[in-house]
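# Breakdown of the fold
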Amino acid sequence: MTFEEVLIQKPAEGTQCAGAALEEVLVSAKDNDSLTVGVYECAKVMNLDPDSVSFCVLATDEQFEWDIALQIHFTLIQSFCFDNDISIVRVSDTQRLADIVGDKAEQLEDAHCVLITNPADGSWEDPALEKLHLFCEESRRLNDWVPEISLPER
């Protein structure tokens, strides 16, 4: 998808396309061991090696909407991402995100923040990740600094 194609899409189509691309990238990153899951784990990675972070996903739902500590963490993570030119999106279905990035054997308790990192050898590239970067760039152009994406249903 070219940047021009992203520009002419209707907002709903762009969000649906971005949701499918996000799921594709998360599965691919998981297979390539390029995911960091959890607010504290993500904060550690951002602090130690911010250049390795390629994309950030924040997730919350109604249950955690009023969790002040989580919202403070989100604000700090968003600020860090803005300062380091890291694309960032929100999803509103924490459980669906946990299903995608988690291991079937264990239940994820903290899937509120997910980072997609670049492997040390730099060998992993994904066209869907480029689509997400373009989507975020277009959203920022429209003053939507942290766009919300809906993950596709299973």
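Up top is the structure these notes are about.
Residues numbered from 1 in each chain as written. Predicted model: local features only at pLDDT ≥ 70, side-chain atom pairs only at ≥ 80, totals over all residues. Heavy atoms only, no water.

A few words on the overall build of the chain. When helices and strands are tallied, the chain shows six helices and five strands. In the chain, the succession of helices and strands from N to C terminus is α-α-β-α-β-α-β-α-β-α-β. A total of 154 residues make up the chain; the buried ones form 43% of that total. Restricting the contact set of the chain to residue pairs at least 6 apart, pairs at least 24 apart contribute 81%. Element-wise, carbon and sulfur atoms account for 50% of the exposed surface of the chain, whose accessible area totals about 8,800 Å². (Helix = DSSP H or I, 4+ residues; strand = E, 2+ residues; numbered from the N terminus. Buried < 20%, exposed > 50% of the residue type's maximum accessible area, 1.4 Å probe, protein only. Contact = heavy atoms within 4.5 Å. Areas by Shrake-Rupley, 256 points an atom, 1.4 Å probe, with all protein chains shown as cover.)

For the structure shown, the criterion picks out one aromatic pair. Considering the side-chain rings of Phe82 and Trp145, the 6.3 Å spacing of their centres and the 75 degrees angle between planes classify their relative orientation as edge-to-face. In this pair, Phe82 is assigned in helix 4 (residues 68-83) and Trp145 in the loop between helix 6 (127-141) and strand 5 (148-149), connecting sequence segments 63 residues apart. By relative accessible area, Phe82 is classed as partly exposed at 36%. (Phe/Tyr/Trp six-rings, centres within 6.5 Å; stacked < 30°, edge-to-face > 60°.)

So, on to the side chain of Thr94. Examined against the element boundaries, Thr94 turns out to sit in helix 5 (residues 94-101). Discounting chain neighbours no more than four positions away, the residues touching Thr94 are Ala59, Thr60, Asp61, Ala111 and His112.

Mapping Glu153 onto the fold places it in the segment after strand 5. For the pair Glu153 and Gly19, spaced 134 residues apart in the sequence, the C-alpha separation amounts to 9.8 Å.

In this section: the sheet that holds strand 2 (residues 53-59). Spatially, five strands are ordered 1-4-2-3-5 in an open sheet, and the strand pairing comes out mixed. Edge positions in the open sheet fall to strand 1 (35-37) and strand 5, since each of these has one partner strand only. Relative to strand 3 (residues 87-91), strand 2 runs parallel, the two sharing five bridges. For Phe55, the partnering residue across the bridge sits in strand 3 and is Ser87. Along the sheet, helix 5 makes contact with strand 1, strand 2, strand 3 and strand 4 (113-117), crossing strand 2 at roughly 140 degrees. (Pairing = 2+ DSSP bridges. Axes fitted to C-alpha atoms, helices over the stretch in contact; angles between N-to-C directions.)

Shape descriptors only; they carry no functional weight alone.
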